[in-house]
Amino acid sequence: MNLFRSAALVSAMTFVSRIAGLIRENLIASIFGAGAFTDAFFVAFRLPNLLRRMFAEGAFSQAFVPLLAAARRDQQMPNELIDRVATALFWVVSAVAALGVIAAPTLLWLIASGLAREPAAFDAGVLMTRIMFPYIALISLVSLCGGILNTWQRFAVPALTPVLLNLAIIAAALWLAPHVEPPIVALAVGVMVGGIAQLAIQVPALRRLGLLPRIGLSARAALADPSTRRIMALMAPGILAVSAQQISLLINTHIASRLTVGSVSWISFGDRLMEFPQGLLGVALGTVLLPSLSAAVATDDDAEYSLLLDWGLRLAVVLALPCALAMMLMPEPLTALLYHYGRFSTHDVEMTALAVQAYAPGLLGFVAVKVLAPGFFARQNVRTPVKIAIGAMLLTQALNLVLVPRFAHAGLALSISLAALANAGLLGWLLVRGGRFRPAPGWGRFLLRVAIGLAALTAVIEFWLLHFDWAAMQSSPVWRALEVLAIVAAGAAAYGIGLTLAGLRPWTLTRRPRR
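Trainee: Can you help me understand the pattern of salt bridges in this one?
Mentor: Pairing between side chains becomes possible if they bear opposite charge and their charged atoms approach one another. All told, the structure shown has two salt bridges when counted by the stated rule. Glu25 is the salt-bridge partner of Arg24, the closest N and O atoms lying 2.8 Å from each other. Across this residue pair, the class does not change: Arg24 and Glu25 are buried. Two residues, Asp310 and Arg314, come together in a salt bridge whose shortest N-O distance is 2.7 Å.

Below is the structure:
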């Protein structure tokens, strides 16, 4: 298997999804602005979105894929395992979804008590929470199906499914919102339609493999199965291990709801922009590395295991650092390009740009965690990442005490960024100290060459930024878009040239790591 080709395929599909996600956020910003009702939608969507992150990109896959890969390697029939897990997962998350619908007012108050200052917005948030909570059941089954397809190295369909969610929300914003009251509720309906579409698109691919899950009527029997209990035992701590960023974001949402109206929207829009490179890099690398790392562990091939992690980290550094630097240098033009239309004001641009700039330093940490965490989960070691995740969450909240009074909503984003860097650093250090991961030689020279490329990128962007007032260009959106894209392209070219002149050929990282 060509790892880079697989990662590129997942990244390409994720790119399409992220583009659709940015269009979605652009429409939300321009149609609804950054007021109390938009805050209510982001808060209401936070819980199902949190579950999506924990399952679709985290704990479930980390627990399920290694066991399924082992069953496939031993030439066992995987259908019974799949059916039992599907049955247990369906009934458990359905019960959770039902409880969420009933307890929506309490949950919303716990997540964002500050919304209660606007009773109409709070009521809309309760309604949207009730509409969207069943999405948890849908996305859990989507995650199960995606894990099966990824294990059989069918990466394209699972990577493409998030596009359908974004398209459904876009359609709801354009065509359903004018017909409901308040209009923002249309977005919640779009989430549910998108969840159904995400599940439906995976059925044909699973049927062709003969691996379509069958949900039984007895949740008790499925939960009593040793394999199911093993997966659930691995998932419970793994949820914290791979979702520290999201849990911190949930806590930060509550804090943001008590700041200036619009703060929840500003950090949400900033987070969406940061998620673009994070999804392209981190999710793609983590998705393709886990099956290969699990296979290396199963054959006790420590050399292959180290090579895979080293390759993933080098690729993360080469790709994530220039993205992070660009976000730090040009947060306002990027924010204006994506959101400065319709009801999204110049003040909203300034506030969101601060959040983008604060998220930027943590991008490498976010991506590196996606590379390093599978190194533990492939060995079915969840305890160590859990301890680190808990420490990262505590660090985030400790930093909030210092940074929020000074930087308001941007302090919340900066706390998450710094904690992500600490999380990744500790994961890497423990892997090296444990002797399982032995980085290949030449890291010092590699980082020096990357630094030369970053210097070239900085020079080009700083020179170009001097000539424009981005907010004032709202009346010329096409010209503004061309200028921003030209700066991004020039910066990328300067970075590539800098790397090449420094002696680093980026294309060498596209090859499968060799001993």
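Still to come is the rest of the account.
Trainee: Would you mind showing me how to read the nonpolar core here?
Mentor: Side chains of a nonpolar character, in soluble globular proteins, are inclined to be buried together. Counting residues in each nonpolar core, the largest one holds 146 residues, and the members touching the most others are Phe41, Met128, Ile148 and Val450. Ranked by residue count, the leading element in this core is helix H14 (residues 302-329), at 14 residues. Residues in contact with Phe41, not counting those within four places in the same chain, are Ile28, Met128, Met132, Ile184, Leu187 and Ala188.

Trainee: Just to check I follow, could you spell out a nonpolar patch on the surface for this structure?
Mentor: On the surface, Phe15, Val16, Ile19 and Ile23 cluster together into a nonpolar patch covering about 300 Å² of accessible area. Along the chain, Ile23 falls in helix H1 (residues 3-32).

Trainee: Honestly, unusual backbone geometry in this entry has me stumped. Any pointers?
Mentor: Most peptide bonds take the trans configuration, and most residues that are not glycine carry a negative phi. A cis geometry characterises the amide bond from Glu181 onward to Pro182, with omega recorded as -5 degrees. In this fold, Pro182 is placed in the loop between helix H8 (156-176) and helix H9 (185-209).

Trainee: How should the packing of aromatic side chains be read in this particular structure?
Mentor: Within a pair of aromatic rings, the relevant descriptors are the distance that separates the centres and the angle that separates the planes. Counted according to the given criterion, the structure contains nine aromatic pairs. Their ring planes at 45 degrees and their centres at 5.7 Å tell us that Tyr339 and Phe344 sit as a pair that is tilted. Summarising the burial analysis for this pair, Tyr339 and Phe344 share the class buried. In textbook terms, an aromatic cluster arises when at least three aromatic residues are bridged by ring pairs, as seen for Phe41, Phe42, Phe45, Tyr135, Phe269, Tyr339 and Phe344.

Trainee: For this particular structure, what's the right way to read the packing of helix H5 (residues 104-111) against helix H6 (residues 119-132)?
Mentor: For any two helices packed against each other, the geometry comes down to the angle between their axes and how far apart the axes lie. Relative orientation of the contacting elements H5 and H6 amounts to 115 degrees, with a least axis distance of 9 Å. Here the hand of the crossing between H5 and H6 comes out right-handed. Residue-level inspection shows Ala104, Pro105, Leu108 and Trp109 of H5 in contact with H6, the latter providing Phe122, Gly125, Val126, Thr129 and Arg130.

Trainee: Honestly, the side chain of Ser306 in this entry has me stumped. Any pointers?
Mentor: By the element assignment, Ser306 lies in helix H14. A relative accessible area of 4% places Ser306 in the buried class. Dropping the residues within four chain positions of it, Ser306 is found in contact with Arg436, Phe437 and Arg438.

Trainee: Got a minute to help me understand the environment of Pro331 in this structure?
Mentor: As for its position among the elements, Pro331 is in helix H15 (residues 331-339). Residue class for Pro331 comes out buried when judged on its relative accessible area of 9%. Distance from Pro331 to Glu350, taken between C-alpha atoms, is 8.9 Å for residues 19 residues apart in sequence. Excluding residues that lie within four positions of it along the chain, Pro331 makes contacts with Ala353, Val356 and Gln357.

Trainee: I tried to follow the packing of helix H20 (residues 443-465) against helix H21 (residues 477-501) on my own but got confused; where do I start?
Mentor: In contact at an axis separation of 7 Å, H20 and H21 are set at 150 degrees when each is read in the N-to-C sense. Between H20 and H21, the angle falls in the class roughly antiparallel. The chirality of how H20 crosses H21 is right-handed. Residues Arg449, Val450, Ile452, Gly453, Leu454, Ala456, Leu457, Val460, Ile461, Trp464 and Leu465 of H20 touch H21, and the partners they reach there are Glu483, Ala486, Ile487, Ala490, Gly491, Ala494, Tyr495, Gly498 and Leu499. Considered class by class, the residues forming the contact of H20 with H21 number 15 nonpolar, three polar and two charged.

Trainee: Help me understand H5, please; the structure alone is not making it clear to me.
Mentor: In an α-helix, one turn spans 3.6 residues; hence positions three or four apart end up facing the same way. When H5 is considered as a whole, its buried residues turn out to be Ala104, Leu108 and Ile111. Down the axis of H5, the smallest arc covering the buried residues is 65 degrees, so these residues share one side.

Trainee: When you look at H20 in this model, what are you seeing that I'm missing?
Mentor: For H20, which comprises 23 residues, the first-to-last C-alpha distance of 32 Å matches the rise-based estimate of 33 Å (1.5 Å per residue) to within 8%. Buried residues in H20 make contact with H14, H15 and H21.

Conventions and cut-offs
Residues numbered from 1 in each chain as written. Predicted model: local features only at pLDDT ≥ 70, side-chain atom pairs only at ≥ 80, totals over all residues. Heavy atoms only, no water. Salt bridge = Lys/Arg side-chain N within 4 Å of Asp/Glu carboxyl O. Buried < 20%, exposed > 50% of the residue type's maximum accessible area, 1.4 Å probe, protein only. Core = buried A, V, L, I, M, F, W, Y, C linked by side-chain atoms within 4.5 Å. Helix = DSSP H or I, 4+ residues; strand = E, 2+ residues; numbered from the N terminus. Contact = heavy atoms within 4.5 Å. Patch = residues over 30% accessible without salt bridge, like charges linked within 9 Å, V, L, I, M, F, W, Y side chains within 5 Å. Areas by Shrake-Rupley, 256 points an atom, 1.4 Å probe, with all protein chains shown as cover. Phe/Tyr/Trp six-rings, centres within 6.5 Å; stacked < 30°, edge-to-face > 60°. Axes fitted to C-alpha atoms, helices over the stretch in contact; angles between N-to-C directions. Left-handed = near helix turned anticlockwise from the far one by under 90°. Parallel < 35°, antiparallel > 145°, perpendicular 65-115°, else oblique. Nonpolar A, V, L, I, M, F, W, Y, C, P; charged D, E, K, R; others polar. Arc of directions from axis to C-beta. Expected span 1.5 Å × (residues − 1).

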